[in-house]
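What follows is each chain in one-letter form.
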Amino acid sequence: MSDPARFLNAFAQALAAMALYRDGHPARERAVDVAYQQIHDLQSDTSHPLFTFLGDEVVFGQQPLRELKAWDWGKRLAQAGIQRLEFEAHVSRDDFEGFLEEVLARLTLSAISTEARQMRRSSIRFGAVGLKGESEIAPESLQTATITFSLGEEVDTLGWLQREVQTTGAVPLAEAEAVVRSLAVAMHSGRQVMLPLLQLKEFDQYTTTHSMNVAVLSMAFAEFLGLSATDVRTFGIAGLLHDIGKVKIPLDVLTKPGRLTDEERAMMNEHPVAGARMLLEGEADLDLAVVVAYEHHIMINGGGYPVLHYARDCHHASKLVHVCDVYDALRTRRPYREAWSFDKTLGYLQERSGLEFDSALCDAFVRMMRQWEPQVAIVSDPAAQARPA
Ligand SMILES: [Fe+2]
Ligand SMILES: [Fe+2]
C-alpha cells in the first residue's frame, strides 16, 4: 500500500477510535499516534500533502488513489462538507488531534442532521428524498480542511430537537450532545477563542439561537473557571436545554411584543418547572440539566421564580447559567426593546451582583468577557460572516 493510502486508513481508524473512546483512553491515544506517525512519514516525501474527496474517488495531489476504491470514508467526509484536506509542512501532535476532533464533530453532526431532515421529509408523500451528496460538490467550490463554522447545521438540529420535544415529549440526547460537541469545537476554532453569538432576525427562532448562545457562553465560562472538558460539555448541555420548557408556551404568548397579562406572565413563568419535568421524564443522564432548567430564574436573594418553599442555595451550575442567560437576553434585540451594548450589559450584571447573581461568579463572568471582548464575534445570521461585536 502506498503511503497516502496508509495514512488515510490510519486517519479513518483514529476517527473511529475517537468516536468510541474518551480523551486520554489508551486505544484512542494509540490510534492518534499511528495516524500522526503516518502523516509524518508521508511528509518526508510530500511536504504539503493534499487530499481531495470526490464521491467515490479519493485524489492525492493530482493522482487518484485507486487502491481506496472500497474506502467509504471519502464519501462520508465529502458529505460532511470536507472535500479537501491539506496539511502544512509541520503539523504538531496537538494540532493534529485538534484537527481530528473538528473532523469528527463535523461528521457526527452532519450524519444526524441528514437523518433529521429525512425524518422531516418522510411525512411528505411526494418529492425526492435525497442525501446531501455529490451533486452539490462542484469542483470550483471545493472547501479546505480549515472547517468554517457557519453553525447552520447546529441551528437546524436544535430547531428540530425542540420540535421533537414538543411533539414526542422526549429529549433526543444524542443530538443535544452532538450540537454541544460541535459548539465546543467551534469555540476553539482558529487561534482565538470565538464566541459565535447568534442573532437571528426571525423572532420565533429566538429560543433556538438564545439556547445555543447560552450553551456556548456556559461552556466558555466553565472553561474559564478551570472545569474539566467533560464538565464543560455537561454545562453546555444544561445551557442548551435550560429553556426547553418554553416549547409548552403558545407561540403568540412567547413572541408577544407588548406587556404580558397576568395570565400570560404566569404561563411564561411555568417554563422552568415544565422544562425540569420534561427532562426528568426523558433520559436518565440529564440530572444537571434538570436542576438548571428548574433553577435558572431563581435569584441569589430568593427572588425570581419558581418560588422555593424553603429558602436554599441553588446549584453552582444554575448560578453560572443564570448569568450567561441574562447576558445573552440583554445583548439580543427583542420586539419590545433594542439590544443592549456590551458595556451597558456588563454594568447591569455588576449592579445586580449579590442581589440577583452570585457575586463571585458575576465578577468572574465580567472579567472573562472583558478579557475576551476583542475576540468575541457576533454572527448576525448563520450564513453571514463573523464580525467584531
Ligand atoms: Fe428561562
Ligand atoms: Fe433563557
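What you see is a predicted model; the values in this text were computed from it and never measured.

Undergrad: Lay out the overall build of the protein chain with the relevant residues and their values.
TA: Within the protein chain, the regular secondary structure consists of 15 helices and seven strands. Put simply, the protein chain has 389 residues, and 50% of those count as buried. Sequence separation of at least 24 residues holds for 70% of the intrachain contacts in the protein chain that already meet a minimum separation of 6. Accessible surface, the protein chain as shown: approximately 19200 Å² in total, 50% of it carbon and sulfur.

Undergrad: Would you mind going over the coordination of the iron ion (ligand 1) in detail, with residue names and values included?
TA: Here the iron ion (ligand 1) is held by the protein donor atoms D243 (OD), H271 (NE2), H296 (NE2) and H297 (NE2), which lie 2.1 to 2.3 Å from it. Here the donor residues for the iron ion (ligand 1) map to a single chain with the spacing D-x27-H-x24-H-H. In this model, the iron ion (ligand 1) sits 3.5 Å from the iron ion (ligand 2), the two metals being bridged by D243. One end of the pair, D243, is in the loop between α8 (229-241) and α9 (251-254); the other, H297, is in the loop between α12 (287-295) and α13 (316-331), and 54 residues separate them in sequence. Accessibility expressed as a relative area gives 3% for D243, which makes it buried.

Undergrad: Before we move on, can you summarise the coordination of the iron ion (ligand 2) with the specific residues and values?
TA: Taken together, the protein donors to the iron ion (ligand 2) comprise H210 (NE2), H242 (NE2), D243 (OD) and D325 (OD), at separations of 2.2 to 2.3 Å. One can describe the donor arrangement at the iron ion (ligand 2) as irregular, given that its four donor atoms subtend angles of 74 to 167° at the metal. Binding-site remark: the iron ion (ligand 2) is held by donors from one chain whose sequence spacing is H-x31-H-D-x81-D.

Undergrad: Tell me about the side chain of H210, and name the residues and values.
TA: Looking at the element boundaries, H210 is found in helix α7 (residues 206-224). A relative accessible area of 2% means that H210 is categorised as buried. There is a polar contact of 3.2 Å between the side chain of H210 and the side chain of H242. The residues touching H210, leaving out its near neighbours within four places in the chain, are H242, D243, D325, D328 and A329.

Undergrad: Residue-level account of the confidence of the model for the protein chain, with values.
TA: Mean pLDDT over the protein chain stands at 77; residues scoring 70 or higher make up 78%. Confidence over residues 190-197 falls short of pLDDT 50; this stretch has 29 contacts with residues more than four positions distant or in other chains. Scored below 50 in pLDDT, residues 377-389 shows 33 contacts in the model against residues more than four places distant or in partner chains.

Undergrad: Please give an account of the side chain of S318 that cites residues and values.
TA: With respect to the helices and strands, the residue S318 is situated in helix α13. Filtering out sequence-adjacent residues up to four positions away, S318 remains in contact with V291, V292, E295 and H296.

Undergrad: Outline the pattern of salt bridges, listing residues and values.
TA: Two side chains of opposite charge can pair, provided their charged atoms sit close to one another. Following the criterion strictly, the structure yields 14 salt bridges and no others. For R28, the salt bridge identified is with E101, shortest N-O distance 3.0 Å. A residue pair is termed long-range when its members are at least 10 positions apart, and R28 in helix α2 (residues 26-45) and E101 in helix α4 (residues 93-121) qualify at 73 residues. Notably, a salt bridge pairs D243 with K246, separated by 3.5 Å at the nearest N-O pair. Each member of the pair D243 and K246 is classed as buried. Three or more residues are tied together by salt bridges with common partners; here these are D23, R28, E29, D33, R93, E97 and E101.

Undergrad: Tell me about the nonpolar core, and please be specific about residues and values.
TA: Of all hydrophobic cores here, the largest spans 61 residues; its most connected members are L241, L279, L349 and F365. It is α7 that contributes the most residues to this core, nine residues altogether. Excluding anything up to four places from it in sequence, L279 contacts V171, L241, I244, L286, A289, V290 and A293.

Conventions we followed
Residues numbered from 1 in each chain as written. Chains lettered and ligands numbered in written order. Predicted model: local features only at pLDDT ≥ 70, side-chain atom pairs only at ≥ 80, totals over all residues. Heavy atoms only, no water. Helix = DSSP H or I, 4+ residues; strand = E, 2+ residues; numbered from the N terminus. Buried < 20%, exposed > 50% of the residue type's maximum accessible area, 1.4 Å probe, protein only. Contact = heavy atoms within 4.5 Å. Areas by Shrake-Rupley, 256 points an atom, 1.4 Å probe, with all protein chains shown as cover. Donors = N, O, S within 2.8 Å, 3.2 Å for Na, K, Ca; no water. Tetrahedral: all angles 85-135°; square planar, octahedral: opposite > 155°, others 65-115°. Polar contact = N/O pair within 3.5 Å; in protein donor to acceptor, adjacent residues only side chain to side chain. pLDDT = per-residue confidence, 0-100. Salt bridge = Lys/Arg side-chain N within 4 Å of Asp/Glu carboxyl O. Core = buried A, V, L, I, M, F, W, Y, C linked by side-chain atoms within 4.5 Å.

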